[in-house]
Amino acid sequence: MFIQKARTILSDNAGIRRLPHCRNGPYLDEPRLGLVPAGESRIFARPLRRQYHSYHVGLLVDCSGSMSGKKIETAATAIHALAWALQQAGAAVTVWGFNCVLREWKEKEIENLKEFSKACDQFMEETGYGNHDSYHLRTVGQLLAARSEPGQLLIVLSDGHPTCDKGTDCAYPGNKWKSRSPEAKKALSTAVRQLSRRLTLLAVGIRTEAPREFYGEHRTIVLQDLAGLYGLLMAWLERHFIRG
C-alpha cells in the first residue's frame, strides 16, 4: 500500500505537488499591493503548484555518538526499509551518513540490513562521535541540487542537537563551535530555513522530539518504533505534497 501511494505522489506524471514553501490558499501578493494606486486590481495570488516527472530522495542519517545503540539500530533499519520502498515507488534514492565527516553508501551496501547496521556502527567508531549538522546539511543540499531529477526530497534521521565530542571542537575543518553551543544551534536552524526554500525537507526524530527545535513542527515526524514508519511517512507526504 505504501509503495502504491508513494508512486502516485512521487513519480506519476499527473501528480501535483506543492512547492516546499507553498501557502495553503490564495494570499496577498505584496509586490502588487504597491501598485494599487496605479490601478492594479489583482492583489491576490494563487498558491504555486509543480508537476514533476521524477523525484530524487536523499536519506541522511546521523551517526554521531548520541545515536549509538538502539537509536542507530532503528535508524539503519528505517533507512534500509525506506530506500527499498521508495525505489519501488519510482524514486531515485541516495543514502548518506554524517558525524564529523560525510559519507555516501551505495545501493548494494544497504541491501543487507545486518551488514548496513554494522557499517553504521563502524562509521561511528572510525570517524568520531561529534557531528556538524549544518555543514553536512548544506553539502547534501548542494549534491541534490546537482542531480537531474527536478523533484527533490531530503529526509534527515537524527536525535536532534548539533554537537561535538565531549564538549571539544569537532574535528572537522572550519568548525570552531563547542558542544551544543548557541552558534551551532543557530547555524543548523539557518541551514534548515535556507535549504527548505530549494527542496522539500523532512526530519525524522529517532525516539525523540528534539529535531522539532531546528526543523519545525511541520517538517518533523517522530519515530518511536519501526511499526509506525510507513504510516507516519505516508501521512506526512499526503499532507505536504497532495493538493486538492
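This write-up is about the structure you can find in this document. It should be emphasised that the depicted structure is a prediction, and the values quoted were computed from it without experimental measurement.

### What to know about the sheet that holds strand β10 (residues 220–223)
- Pairing is mixed in the open sheet, where six strands are placed in the order β7-β6-β5-β8-β9-β10. Of all strands in the sheet, those with a lone pairing partner are β7 (102–105) and β10, marking the two edges. Taking each pair of neighbouring strands and ignoring which way they run, the sheet shows an average axis angle of 25°.
- Pairing of strand β9 (residues 200–206) with β10 involves four bridges; the strand directions are parallel. Across the sheet, A203 pairs through a bridge with T220, a residue of β10.
- This element, helix α3 (residues 70–88), spans β5 (55–62), β6 (92–98), β8 (151–158), β9 and β10 of the sheet and lies at about 170° to β5.
- Taken strand by strand, helix α6 (residues 133–145) contacts β5, β6, β7 and β8, and its axis lies near 155° from that of β8.

### Describing the packing of aromatic side chains
- Counted by the stated rule, this structure contains three aromatic pairs.
- Considering the side-chain rings of F2 and Y230, the 4.6 Å spacing of their centres and the 20° angle between planes classify their relative orientation as stacked. Here the residue F2 occupies a position in helix α1 (residues 2–10), and Y230 occupies one in helix α9 (residues 229–241), the gap between them amounting to 228 residues.
- For Y230, a relative accessible area of 31% translates into the label partly exposed.
- Their ring planes at 85° and their centres at 5.1 Å tell us that W105 and F116 sit as a pair that is edge-to-face. Here the residue W105 occupies a position in strand β7, and F116 occupies one in helix α5 (residues 113–127), the gap between them amounting to 11 residues.
- Among the aromatic residues, those joined into a cluster by ring pairs are W105, F116 and F123.

### As for the state of the cysteines
- Enumeration according to the criterion identifies zero disulfides in this entry.
- With no disulfide of its own, C63 has C120 as its nearest cysteine by sulfur position, at a separation of 4.6 Å.
- Look at C63 and you get buried, because its relative accessible area is 0%.

### Description of the packing of α6 against helix α7 (residues 182–195)
- Two elements in contact, α6 and α7, have axes whose closest approach is 8 Å; the angle formed by their N-to-C orientations is 20°. Considering the angle they form, α6 stands roughly parallel to α7. Helix-helix and strand crossings are classified by hand; for α6 and α7 the assignment is left-handed. Residue-level inspection shows D133, S134, L137, R138 and G141 of α6 in contact with α7, the latter providing A187, L188, T190, A191, V192, Q194 and L195.
- Across the contact of α6 with α7, the residue classes tally to six nonpolar, four polar and two charged.

Calculation rules
- Residues numbered from 1 in each chain as written.
- Predicted model: local features only at pLDDT ≥ 70, side-chain atom pairs only at ≥ 80, totals over all residues.
- Heavy atoms only, no water.
- Pairing = 2+ DSSP bridges.
- Helix = DSSP H or I, 4+ residues; strand = E, 2+ residues; numbered from the N terminus.
- Axes fitted to C-alpha atoms, helices over the stretch in contact; angles between N-to-C directions.
- Contact = heavy atoms within 4.5 Å.
- Phe/Tyr/Trp six-rings, centres within 6.5 Å; stacked < 30°, edge-to-face > 60°.
- Buried < 20%, exposed > 50% of the residue type's maximum accessible area, 1.4 Å probe, protein only.
- Disulfide = S-S within 2.5 Å.
- Parallel < 35°, antiparallel > 145°, perpendicular 65-115°, else oblique.
- Left-handed = near helix turned anticlockwise from the far one by under 90°.
- Nonpolar A, V, L, I, M, F, W, Y, C, P; charged D, E, K, R; others polar.

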